[in-house]
Amino acid sequence: MLNPPADPSLPTAQDDPEPQAPHEPALEECCTSGCVPCIFDIYAEALHAYRAEHLAWRARQAARDAASAGASD
């Protein structure tokens, strides 16, 4: 039995790479002069955005995998 074509609205693994976590600055990278924003503030914002992007990416992967599994049934 032939498999139906994959849903073109779902990204492929090559089109949708896994988001990469931001670089965590070392304690020594902070100048301790009270900068606004501090590098740790910037890191916290980037980490928050990464977590949201990663959750969305995982949901897309699950949808893609479910669609692939449904197509092979």
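Quick note: structure is the one above.
Presented here is a report on the structure given in the accompanying data block. (Residues numbered from 1 in each chain as written. Predicted model: local features only at pLDDT ≥ 70, side-chain atom pairs only at ≥ 80, totals over all residues. Heavy atoms only, no water.)

## What about the overall build of the protein chain?
- Counting secondary structure elements, the protein chain contains one helix and zero strands.
- When burial is assessed residue by residue, the protein chain has 15% of its 73 residues classed as buried.
- Within the protein chain, contacts between residues separated by at least 24 positions form 67% of all contacts whose residues are at least 6 apart in sequence.
- Entry remark: accessible area of the protein chain is about 5,700 Å², with carbon and sulfur atoms responsible for 59%. (Helix = DSSP H or I, 4+ residues; strand = E, 2+ residues; numbered from the N terminus. Buried < 20%, exposed > 50% of the residue type's maximum accessible area, 1.4 Å probe, protein only. Contact = heavy atoms within 4.5 Å. Areas by Shrake-Rupley, 256 points an atom, 1.4 Å probe, with all protein chains shown as cover.)

## Topic: the environment of Glu53
- Position of Glu53 among the secondary structure elements: in helix H1 (residues 39-72).
- Considered as a pair, Glu53 and Glu18 are 35 residues apart in the sequence and their alpha carbons are 9.0 Å apart.

## Here's the deal with the pattern of salt bridges
- Throughout the structure, instances matching the rule amount to two salt bridges.
- The salt bridge partner of Arg60 is Asp16, with a shortest N-O separation of 2.7 Å. Of this pair, Arg60 sits in helix H1 while Asp16 sits in the segment before H1, and the two are 44 residues apart along the sequence.
- One salt bridge connects Asp65 with Arg64, and the closest N-O pair in it is separated by 3.8 Å.
- Residue classification places Asp65 among the partly exposed positions, given a relative accessible area of 43%. (Salt bridge = Lys/Arg side-chain N within 4 Å of Asp/Glu carboxyl O.)

## Quick notes on the side chain of His54
- Structurally, the position occupied by His54 is in helix H1.
- Classification of His54 by relative accessible area gives buried; the value is 15%.
- Residue contacts for His54: discarding those within four places in its chain leaves Glu18 and Pro19.

## Overview of the state of the cysteines
- Under the criterion given, the structure shown has zero disulfides.
- Left unpaired, Cys30 is separated from the closest cysteine sulfur, that of Cys38, by 4.0 Å.
- Owing to a relative accessible area of 23%, Cys30 belongs among the partly exposed residues under this scheme. (Disulfide = S-S within 2.5 Å.)

These figures come from the coordinates and say nothing about function on their own.
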